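Topology and contacts: notes
Residues per chain are reported as follows:
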Amino acid sequence: MKVSDRQRKMAPEPLLLITIDGPAGAGKTTVSKMLARELGYRYLDTGALYRAVAYEVRAADISPDDDPGLCDVCGTLQLSVEENRLVSNGVDITGRIRSPEITMLASAVSAHPMVRQALLDIQREIGRTRGLVAEGRDMGTVVFPEADLKFFLDATVRQRAFRRFEQYGKENNQSLEQIEQDIRSRDENDSSRDIAPLRPAGDAVIIDSTAIIARQVVALMMARVRKGRDAK
Ligand code: DC
């Protein structure tokens with residue numbers, strides 16, 4: 001073994017900030033959790049933060065287009081994410097944010113600049129310490145443009161709808177067709193909004209997960225992580 005190799009072996013691994021963006025149902029959550037576990041990193045699900053805003057909008061019984069109402073919700077929002085539990089205004093809402101209604105509402109509120117701004121600081125604060133896998137739509141483009149490694153995970157609409165159907169279809173009483181319809185409309189909302197639209201960062205590694213399972217996606221990512229660490 002060369003001296004430099006031995007030294008590298010003994011040096012602590014540099015902690016990275018890794019972003020994973022992509023459309024609904026591409027497998028981001030599964031893969032992000034697996035990657036974070038494998039690396040011993042923290043994991044941040046930013047979709048859950050938009051879902052929390054949607055939950056509060058629903059609880060306040062206002063429309064997602066009611067600007068003064070949204071302003072009140074954002075101004076008083078106290079969010080904390082710990083041990084993968086999401087606490088909003090003192091209430092653990094982890095189990096209440098995956099319904100079809102909150103899902104569509106999250107996409108609607110996320111198009112409002114006020115909401116995105118309110119969540120920006122929270123996300124950046126969490127990302128201040130490295131050793132994080134952050135999942136969302138604009139992680140690599142807007143929230144963490146300086147990330148060490150950026151991935152964009154994609155798959156066909158059919159495949160994404162099928163995965164969501166397997167995951168939540170029964171529990172939410174939704175058919176595959178309904179889910180596919182919701183996904184198409186969310187894709188449209190999330191990619192066509194003026195602010196922070198869903199798109200890959202110029203320096204993102206694009207992975208199509210249509211025909212490969214989560215473990216294979218993580219293996220591809222780990223190969224990039226090793227390269228990224230060596231380059232540091
Ligand atoms: O990832 P998810 O399905 O939980 O996200 C719910 C919605 O939140 C999604 O339709 C768009 C929005 N979102 C966003 O605009 N930006 C993010 N970084 C994460 C989610």
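Below or above, wherever it landed, is the structure these notes cover. (Residues numbered from 1 in each chain as written. Predicted model: local features only at pLDDT ≥ 70, side-chain atom pairs only at ≥ 80, totals over all residues. Heavy atoms only, no water.)

A look at the environment of Val91
The topology assignment puts Val91 in strand 5 (residues 91–92). On the basis of relative accessible area, Val91 is assigned to the partly exposed category, the value being 35%. Val91 sits 60 residues away from Phe151 along the chain, and the two C-alpha atoms are 32 Å apart. With residues up to four places along the chain from it excluded, the contact list for Val91 reads Leu86 and Arg96. (Helix = DSSP H or I, 4+ residues; strand = E, 2+ residues; numbered from the N terminus. Buried < 20%, exposed > 50% of the residue type's maximum accessible area, 1.4 Å probe, protein only. Contact = heavy atoms within 4.5 Å.)

A few points about the site of the ligand
In the vicinity of the ligand there are 16 residues, among which Arg51, Arg116, Asp138, Arg186 and Asp190 approach most closely. The side chain of Ser110 places a nitrogen or oxygen atom 3.4 Å from an oxygen atom of the ligand. One of the side-chain nitrogen or oxygen atoms of Asp190 is found 2.9 Å away from an oxygen atom of the ligand. Within the complex, the protein chains bury 98% of what would otherwise be the 450 Å² of accessible surface of the ligand. Mapped onto the shell around the ligand, the elements with two or more residues apiece are helix 3 (46–59), helix 5 (100–109) and helix 9 (176–192). When residues in the shell around the ligand are grouped by element, the largest group, 4 residues, is from helix 3. For the shell around the ligand, the per-class residue count stands at 3 nonpolar, 5 polar and 8 charged. (Near = heavy atom within 4 Å. Polar contact = N/O pair within 3.5 Å; in protein donor to acceptor, adjacent residues only side chain to side chain. Areas by Shrake-Rupley, 256 points an atom, 1.4 Å probe, with all protein chains shown as cover. Nonpolar A, V, L, I, M, F, W, Y, C, P; charged D, E, K, R; others polar.)

Some remarks on the pattern of salt bridges
Within this structure, the stated rule accounts for 15 salt bridges. Glu177 is the salt-bridge partner of Arg158, the closest N and O atoms lying 3.8 Å from each other. Of this pair, Arg158 sits in helix 8 (residues 157–169) while Glu177 sits in helix 9, and the two are 19 residues apart along the sequence. Its relative accessible area of 46% is what places Arg158 among the partly exposed residues. Ionic contacts of the salt-bridge type, sharing partners, join the residues Arg158, Glu177, Glu180 and Arg184 into one network. (Salt bridge = Lys/Arg side-chain N within 4 Å of Asp/Glu carboxyl O.)

What about the packing of helix 4 (residues 67–76) against helix 6 (residues 113–127)?
At a minimum axis separation of 10 Å, helix 4 and helix 6 run at an interaxial angle of 10°. By the angle between their directions, the pair helix 4 and helix 6 is classed as roughly parallel. Side by side, helix 4 and helix 6 meet where Asp67, Leu70, Cys71 and Cys74 of the first sit next to Met114, Val115 and Ala118 of the second. Along the lines of polarity and charge, the residues of the contact of helix 4 with helix 6 split into 6 nonpolar, no polar and 1 charged. (Axes fitted to C-alpha atoms, helices over the stretch in contact; angles between N-to-C directions. Parallel < 35°, antiparallel > 145°, perpendicular 65-115°, else oblique.)

Some thoughts on the pairing of strand 4 (residues 85–88)
Residue alternation in strand 4 divides its side chains into a buried set, Leu86 and Ser88, and an unburied set, Arg85 and Val87. With 4 bridges connecting them, strand 3 (residues 79–82) and strand 4 associate as antiparallel partners. Bridging across to strand 4, Val81 finds its partner in Leu86. Count of turn residues in the strand 3/strand 4 antiparallel hairpin: 2 residues, of which Glu83 carries a positive phi of about 50°. Pairing of strand 4 with strand 5, which is carried by 2 bridges, proceeds in the antiparallel orientation. Bridging across to strand 5, Val87 finds its partner in Asp92. If you look at the hairpin formed by strand 4 and strand 5, you'll find 2 residues sitting between the two strands, and Asn89 has a positive phi there, around 50°. (Pairing = 2+ DSSP bridges.)

Some words on the environment of Leu119
As for its placement among the helices and strands, Leu119 is situated in helix 6. With a relative accessible area of 0%, Leu119 lands in the buried category. Linking Leu119 and Arg130, residues 11 residues apart in sequence, is a C-alpha distance of 19 Å. Discounting chain neighbours no more than four positions away, the residues touching Leu119 are Leu49, Tyr50, Val53, Leu77 and Leu79.

Side note on helix 8
Here helix 8 contains 13 residues, and its C-alpha end-to-end distance of 16 Å is more than 12% below the 18 Å for a straight helix at 1.5 Å per residue. On the buried face of helix 8, the contacting elements are strand 7 (149–154) and helix 9. (Expected span 1.5 Å × (residues − 1).)

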